[in-house]
Amino acid sequence: MARKKRYLTATMADGYVKTIGPTAAPFTHYWRIVAHLHDGKTEVFWGHAASAKEAAGKKALTEQAARRHGWKRFDFEVVELTEH
């Protein structure tokens, strides 16, 4: 039997809303990285994960990426997805 397709929504602290779907994947959390570059620009990276622990694990990788790419700083956020 096929898994039910669903729509998931993430609402970030700054009011940004991301909708994911339709998907049957077991995603529970959304993560977003806003990289602040030395020239004043920003780059945004995002993804979804099947657990809060998996999403939070991206932070260590982000710290490595910041050093490797020379980011001035970065903001890392994880929020729980809601189903609609």
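In this text the structure is predicted, and so the values were computed from the model without any measurement.

**Student:** Mind showing me how you'd approach the overall build of the protein here?
**Tutor:** If you tally the helices and strands in the protein, you get two helices and six strands. Seen along its three principal axes, the alpha-carbon backbone of the protein occupies a region of about 50 × 25 × 15 Å. Every one of the 84 residues in the protein was classed for burial, and the buried ones make up 32%. When contacts within the protein are restricted to residue pairs at least 6 apart in sequence, those whose partners lie at least 24 apart make up 44%. Just so you have it, the protein exposes about 5600 Å², and 54% of that area is on carbon and sulfur atoms. Charged side chains of the protein number 14 positive and 9 negative; the gap between the two group centres comes to 5 Å.

**Student:** For this particular structure, what's the right way to read the packing of aromatic side chains?
**Tutor:** Each pair of aromatic rings is reported with the distance of its centres and the angle of its planes. Counting across every chain of the model gives three aromatic pairs. For the pair tyrosine 30 and tryptophan 46, a centre-to-centre distance of 6.0 Å together with 25° between the ring planes defines the contact as stacked. Residue tyrosine 30 is found in strand E3 (residues 29–36), and its partner tryptophan 46 is found in strand E4 (residues 42–49); the two are separated by 16 residues along the sequence. Among the residues examined, tyrosine 30 registers a relative accessible area of 1% and is labelled buried. Taking 6.3 Å as the distance between ring centres and 65° as the angle between the ring planes, the aromatic pair formed by tryptophan 71 and phenylalanine 74 counts as edge-to-face. Among the residues examined, tryptophan 71 registers a relative accessible area of 12% and is labelled buried. Residue classification places phenylalanine 74 among the partly exposed residues on the basis of a relative accessible area of 21%. Here the aromatic residues Phe45, Trp71 and Phe74 are joined through ring pairs into a cluster of three or more. Geometry around tryptophan 46 places lysine 18 over its ring, the cationic atom sitting 4.0 Å from the centre.

**Student:** When you look at the sheet that holds strand E5 (residues 73–80) in this model, what are you seeing that I'm missing?
**Tutor:** Sheets are built from strands paired through backbone hydrogen bonds, the pairs being either parallel or antiparallel. The three strands lie next to each other as E4-E3-E5, forming an open sheet whose pairing is antiparallel. Where the open sheet ends on each side, the last strands, each with one partner, are E4 and E5. Geometrically, the sheet is characterised by an average inter-axis angle of 15° between neighbouring strands, direction not taken into account. As defined by bridge partners, E3 adjoins E5 across eight bridges and the pair is classed as antiparallel. Following the sheet pairing, tyrosine 30 is matched in E5 by valine 79. In this fold helix H2 (residues 58–69) packs onto E3 and E5, with an angle of close to 165° to the strand it touches most, E5.

Here is what the cut-offs are and how they apply
- Residues numbered from 1 in each chain as written.
- Predicted model: local features only at pLDDT ≥ 70, side-chain atom pairs only at ≥ 80, totals over all residues.
- Heavy atoms only, no water.
- Helix = DSSP H or I, 4+ residues; strand = E, 2+ residues; numbered from the N terminus.
- Buried < 20%, exposed > 50% of the residue type's maximum accessible area, 1.4 Å probe, protein only.
- Contact = heavy atoms within 4.5 Å.
- Areas by Shrake-Rupley, 256 points an atom, 1.4 Å probe, with all protein chains shown as cover.
- Lys, Arg positive; Asp, Glu negative; His and termini not counted.
- Charge placed at Lys NZ, Arg CZ, Asp CG, Glu CD.
- Phe/Tyr/Trp six-rings, centres within 6.5 Å; stacked < 30°, edge-to-face > 60°.
- Lys NZ or Arg CZ within 6 Å of the ring centre and 35° of its normal.
- Pairing = 2+ DSSP bridges.
- Axes fitted to C-alpha atoms, helices over the stretch in contact; angles between N-to-C directions.

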